[in-house]
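The primary structure of each chain is shown beneath.
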Amino acid sequence: MTIYKSSFPDVALSDLTVSQRVFAGIDPEATVLIDGPSGRSLTGAQFIGGVKALAGGLTARGWGAGKVVALMAPNIPEYCVVFHGAAWAGGTVTTINPTYTAHEVNHQLNDAGADVLVTIAMFAETAHEAIKGTGVSEIVIIGDAPEGMVPLASLMGPPMVEQAPVDLDEHIAVLPYSSGTTGLPKGVMLTHRNLVVNIDQTLAVADLAAGEKTVGFLPFFHIYGLQVLMNIYMAAGGGLVTMPRFDLEMFLNLITQYQTPRLWIVPPVALALAKHPMVEGHDLSCVKHVNCAAAPLSADLSDAMGRRLGTNAAQGYGMTELSPVSHVSPYGKGKPGASGIAIPNTESRIVNPETLADMPPGEDGELWVRGPQVMKGYLNNPAATAATIVEGGWLRTGDIAHFDADGYLYITDRLKELIKYKGFQVAPAEVEAELLTHPAITDAAVIGKPDSEAGELPMAFVVAAPGQAAPTLDEVQAYLETRLAHYKQVRVLEVVDTIPKSASGKILRRVLRDGIAA
Ligand code: AYL
């Protein structure tokens, strides 16, 4: 067995909950949360006070310890109050993409066993539709609530002074969704231990300074925004300027307004920073370090962005199932095309996915990772958990990679089905299942088609039902619109006679991928 160990000394496991850990890094007097568009802000004391008051109110309403709070909101300061309010009360938060259709929200509410749904007025209608047939009886609205819904402000009760007791290794603090290596999106069970150790592992390397501010546009419902921006950055004493949705001009303005030294981005934003003419009109000399993660960033693009900003362009690597960080590029030490080096307490292997033999150094194989940040498992899915976390506690990432002589990780391919559209996960199995409900489609397969802007585009191969004409791309899109969020939409369609499958009936995605590359 060839094990690549982190070059950093281990960090000790701390016995704090995620909220206790984040609060420990916060200066009560400092401005810690700022709503980008309006400038409305919270000090550390206001933030922590809000969390404790909400924890009190959630507990009084029976939505505290042991309950599941579904949080479906854009990035606004209250997002962080609700997340930590539920955690402080001993609950579990499942994070829902606010652009989801009612159909998708309904599925996640049921799968996660949600007890209450917190959202904003803009999504009240979707929420109302989505809770039908679920365990959610009430909808809580951040801001002014429509008739029949509960305003978040009304839940601000007498504060819960102490953290509700939880088992750090067993209690699920957050339940984001990820499709992992195969199949439908699954609830990823992350414990307080997972989240807290990943904060400490990352901060041991990241060298963040208290009092810095960054612009937080990466959605908090995804593990990148949730952990890296919200928890890790705030635990380091940083201030978050939140943006409810990405807008390049506002992003650039906020960077200069708050003199942001570091940015956390995804590849499509790297492309904009490297190429978009709008960047010319802004003085971004305050930016010293840019971390890009969640999807591949080519050495060329990383170089182009670094040159234009006059900064070090670096990558991090990880996945939801890793809380999410396993590899980062320390400050000023990004290597073009590389995804970083292992953070403390983290071991890696590069394994031949068929024979399970370790590959010789420098050669490509499947990346396996072991460390205290590995998830507890997939919710209600022991089979998927067992296929992903194998003997010895190794997590099979489904990514193809190698290490160079300096211990830098290079992700070169993806073994798993997952499609990344602008850094967002699209599970082919989910899109296929929806396509198969279309009356004129008898079989379907979905793969990612390489695209310079989005990274990959969901591309569907469909077989027409006997005696029927296959639907056009427009028809497929109109059909999927009410079922799937925009980013999962089929962007390319090919009608075929059959879908290539193995003897056991598995779609041969590689054959389809090779076919479009030819
Ligand atoms: P999920 N290069 C190539 N592919 C990547 C990279 C990268 N740097 N980072 C992530 N991926 C892909 O759960 C890879 O296929 O988490 C991986 O299995 O939505 C998958 O994305 C995981 O997708 C960090 C470190 C954020 C990690 C993250 C979260 C990644 C997104 C910040 O510093």
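Owing to the predicted nature of the structure, the values given are computational and were not obtained by experimental measurement.

Criteria and cut-off values
Residues numbered from 1 in each chain as written. Predicted model: local features only at pLDDT ≥ 70, side-chain atom pairs only at ≥ 80, totals over all residues. Heavy atoms only, no water. Helix = DSSP H or I, 4+ residues; strand = E, 2+ residues; numbered from the N terminus. Rg over C-alpha atoms; globule rule 2.2 N^0.38 Å. Buried < 20%, exposed > 50% of the residue type's maximum accessible area, 1.4 Å probe, protein only. Contact = heavy atoms within 4.5 Å. Areas by Shrake-Rupley, 256 points an atom, 1.4 Å probe, with all protein chains shown as cover. UniProt positions renumbered as here; feature names shortened; annotations may be inferred. Near = heavy atom within 4 Å. Polar contact = N/O pair within 3.5 Å; in protein donor to acceptor, adjacent residues only side chain to side chain. Nonpolar A, V, L, I, M, F, W, Y, C, P; charged D, E, K, R; others polar. Domains from an automatic or database assignment. Buried area = accessible area lost by both parts, 1.4 Å probe. Salt bridge = Lys/Arg side-chain N within 4 Å of Asp/Glu carboxyl O.

1. Let's talk about the overall build of the protein
Helix and strand counts for the protein stand at 14 helices and 30 strands. For the protein, whose C-alpha radius of gyration is 22 Å, the value lies close to the compact-globule estimate of 24 Å for 518 residues. Dimensions of the protein, computed from the C-alpha atoms along their principal axes, are close to 65 × 55 × 50 Å. Taking all 518 residues of the protein together, 59% fall into the buried category. Residue pairs in contact within the protein that sit at least 24 positions apart in sequence constitute 68% of those at least 6 positions apart. A total of about 19900 Å² of accessible surface is found on the protein, and carbon and sulfur atoms cover 54% of it.

2. Points about the UniProt feature "domain: AMP-dependent synthetase/ligase" (unreviewed entry) in the protein
In the numbering used here, UniProt assigns the "domain: AMP-dependent synthetase/ligase" (unreviewed entry) feature to residues 27–379. In this annotation, residues 27–379 is assigned 30% helix and 23% strand; the end-to-end C-alpha distance for the span is 36 Å.

3. Regarding the UniProt feature "domain: AMP-binding enzyme C-terminal" (unreviewed entry) in the protein
Here, the residues flagged by UniProt with the feature "domain: AMP-binding enzyme C-terminal" (unreviewed entry) are residues 430–506. Along residues 430–506 one finds 19% helix and 32% strand; the C-alpha atoms at either end are 15 Å apart.

4. A word on helix 12 (residues 428–435)
Side chains three or four residues apart in an α-helix point the same way, a direct result of the helix having 3.6 residues per turn. In terms of burial, helix 12 is a largely internal element, seven of the eight residues being buried. Taken together, the buried positions of helix 12 are occupied by Pro 428, Ala 429, Glu 430, Val 431, Glu 432, Glu 434 and Leu 435.

5. A word on the site of the ligand
Within the structure, the ligand sits among 22 residues, and His 222, Thr 320, Asp 399, Lys 416 and Lys 420 are positioned closest to it. At 2.7 Å from an oxygen atom of the ligand is found a side-chain nitrogen or oxygen belonging to His 222. One nitrogen or oxygen atom from the side chain of Lys 416 is found 2.6 Å from an oxygen atom belonging to the ligand. In isolation the ligand has 660 Å² of accessible area, and contact with the protein removes 99% of it. Of all elements in the fold, only helix 7 (223–235), strand 17 (317–318) and strand 25 (409–414) reach the threshold of two or more residues within the shell around the ligand. Residue composition of the shell around the ligand, by class: ten nonpolar, eight polar and four charged.

6. Things to note about the domain arrangement of the protein
According to the domain assignment, the protein contains domain 1 (40–165) and domain 2 (419–517). Here the C-alpha centroids of domain 1 and domain 2 sit 34 Å apart. When the area that domain 1 buries against domain 2 is broken down by residue, the three leading residues are Thr 101, His 103 and Glu 104, summing to 65%. For the pair domain 1 and domain 2, the interface holds one salt bridge. Salt-bridge contacts for Glu 104 lead to Lys 488; the nearest nitrogen and oxygen are separated by 2.5 Å. Applying the counting criterion to the domain 1 and domain 2 interface returns four residue pairs in polar contact (both at pLDDT 80 or more). Per-class residue counts for the side of domain 1 that touches domain 2 are one nonpolar, four polar and one charged.

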